[in-house]
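Reading the structure
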Amino acid sequence: MSILRLFTRSPRRSAPAARERLQVLLAHERASAGSDLTTILREEILAVIAKHVQLDADRVTVKVDRDENVSILEIDVEIPLDAARAA
Amino acid sequence: MGKVIVVTSGKGGVGKTTSTAALGAALAQRNEKVAVVDFDVGLRNLDLVMGAERRVVYDLVNVINGDAKLPQALIRDKRLDTLFLLPASQTRDKDALTEEGVERVIGELKKYFDWVICDSPAGIEKGATLAMRHADVAVVVTNPEVSSVRDSDRIIGMLDSKTLKAENGERMEKHLLLTRYDSNRAERGDMLKVDDVLEILSIPLLGIIPESMDVLKASNLGAPVTLADQRSAPAQAYFEAARRLAGEVVPVTIPGEKRGIFGKLFGRKAA
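**Some remarks on the overall build of chain A**
Counting its secondary structure elements, chain A contains four helices and two strands. Secondary structure of chain A in N-to-C order comes out as α-α-α-β-β-α. Expressed as a percentage of contacts within chain A between residues at least 6 apart in sequence, the contacts between residues at least 24 apart total 31%. Working note: accessible area of chain A is about 7,300 Å², and carbon and sulfur atoms make up 54% of it.

The structure is reproduced here in structure tokens:
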């Protein structure tokens, strides 16, 4: 039985895959210090723009998209019409 | 002053409550005074695992609100004189736990007990952060499985930033308790091995608890596994982990591993 199993043993083992996936994922997650990075960026960007134009805090979105090769920081700020004219 | 331990994991269902009860009962059997505290407000279960569910009169929230004094809320274990339980309440009010209230209760418990073991709720919300806030030592309960390891990593990050110790610039002592480990499956390559998890999380190992029927049997009966069946494999593993918590140097064995027992006995360093 045990000799038979030597030859029929499934060649694909799942644990190494788990290990590798975790190592890649956690390297990313640790680098971004949790998900707090976007929150910090959002607040600081908001503060800088608010110095010059009046704006609605809810109309600012900050997104970080991560790809294997590049990360994209996407900032979307909606400026009210009258504030834009004044500037 | 007693030591405050938080048993935490991020992910639910990995064995926090089981481990809190088992470690608490193991330490109490060394004749040390132990209080186990349930922080899972709204979904308390430590009382059930300890077999004290019918003796709950007052709870943690009652003490925090001043509706009861701490000694009124503490339930003494029927089997061990030195083991006490402070249950959580079943209220659905999320803000029932306050930062000041928890600080006061933990401070008071530390005066009377050698060990205060806080059973954290799952997740990373207020209950979990309050459970870890005043801890001296953290026991991170992890299953050899991807989602559990990921959540543990997140919790380790929080232990290093959101606790009083971390904010005071001190180092938070963290230990890994690997639960539901199946050495046969790990050996076959179908489960993360102890070394894999240790390498990924890089915190010292407190113990390895084998996957076992005895854990369910104990909770069915309402007894910590270290009381229900002291000679069972998980109980032995918890006793060893408790000795390490108490500062003894005990080599870590991988439960259920048939070959090379001596090699394993001396080949691995404890936390």
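**Looking at the packing of aromatic side chains**
Residues and elements named next belong to chain B. Applying the stated rule across the entire model yields one aromatic pair over all chains. Ring plane angle 65 degrees and centroid distance 5.4 Å describe the contact between F84 and F113, whose orientation is recorded as edge-to-face. Note that F84 is positioned in strand β4 (residues 83-86) and F113 in the loop between α5 (99-112) and β5 (115-119), a separation of 29 residues in sequence. Of the two residues, F84 and F113, both sit in the buried class. Sitting over the ring of F113, K33 keeps its end group 5.4 Å from the ring centre.

**Some details on the sheet that holds β4 of chain B**
Residue and element names in this part refer to chain B. Across the sheet, which stays open at both edges, the eight strands sit in the order β3-β4-β2-β5-β1-β6-β7-β8 with mixed pairing between neighbours. The open sheet has two edge strands with one neighbour each: β3 (75-76) and β8 (205-210). Across the sheet, helix α7 (residues 146-159) touches β1 (3-8), β6 (137-142) and β7 (173-181), and the angle it forms with β6 is around 165 degrees.

**What to know about empty space enclosed by the protein**
Residue and element names in this part refer to chain B. Counted under the stated rule, the structure contains one cavity of 30 Å³ or more. What the largest cavity holds in volume is close to 40 Å³. Around the largest cavity sit T18, V49, V215, A218, S219, A223, P224 and V225, which together line it. If you tally residues by element for the lining of the largest cavity, the top one is helix α11 (residues 213-221), at three residues. Along the lines of polarity and charge, the residues of the lining of the largest cavity split into six nonpolar, two polar and no charged.

**Looking at the interface of chain A and chain B**
The interface of chain A with chain B comprises 15 residues on the first partner and 15 residues on the second. Of the roughly 1,300 Å² buried where chain A meets chain B, counting both sides, 52% is carbon and sulfur surface. Where chain A packs against chain B, one counts four salt bridges. At the junction of chain A and chain B, the tally comes to nine residue pairs in polar contact (both at pLDDT 80 or more).

**Considerations on the environment of F113 of chain B**
All names here are of chain B. Since its relative accessible area comes to 5%, F113 is described here as buried. Sequence separation between F113 and A242 is 129 residues, and the spatial gap between their C-alpha atoms is 16 Å. Residue contacts for F113: discarding those within four places in its chain leaves G2, K33, V34, A35, L74 and F84.

**Considering the confidence of the model for chain A**
In the predicted model, chain A carries a mean pLDDT of 75, and 71% of its residues have values of at least 70. Averaged pLDDT values over the elements of chain A bottom out at 60 in helix α1 (residues 2-8) of chain A and peak at 89 in helix α2 (residues 15-31) of chain A.

Rules used throughout
- Residues numbered from 1 in each chain as written.
- Chains lettered and ligands numbered in written order.
- Predicted model: local features only at pLDDT ≥ 70, side-chain atom pairs only at ≥ 80, totals over all residues.
- Heavy atoms only, no water.
- Helix = DSSP H or I, 4+ residues; strand = E, 2+ residues; numbered from the N terminus.
- Contact = heavy atoms within 4.5 Å.
- Areas by Shrake-Rupley, 256 points an atom, 1.4 Å probe, with all protein chains shown as cover.
- Phe/Tyr/Trp six-rings, centres within 6.5 Å; stacked < 30°, edge-to-face > 60°.
- Buried < 20%, exposed > 50% of the residue type's maximum accessible area, 1.4 Å probe, protein only.
- Lys NZ or Arg CZ within 6 Å of the ring centre and 35° of its normal.
- Pairing = 2+ DSSP bridges.
- Axes fitted to C-alpha atoms, helices over the stretch in contact; angles between N-to-C directions.
- 1 Å grid on protein atoms, 1.4 Å probe; cavity = no way out; pocket = protein on both sides within 12 Å on 5 of 7 lines; lining within 4 Å.
- Points joined across faces, edges and corners; volume = space filled by probe spheres on them.
- Nonpolar A, V, L, I, M, F, W, Y, C, P; charged D, E, K, R; others polar.
- Buried area = accessible area lost by both parts, 1.4 Å probe.
- Salt bridge = Lys/Arg side-chain N within 4 Å of Asp/Glu carboxyl O.
- Polar contact = N/O pair within 3.5 Å; in protein donor to acceptor, adjacent residues only side chain to side chain.
- pLDDT = per-residue confidence, 0-100.

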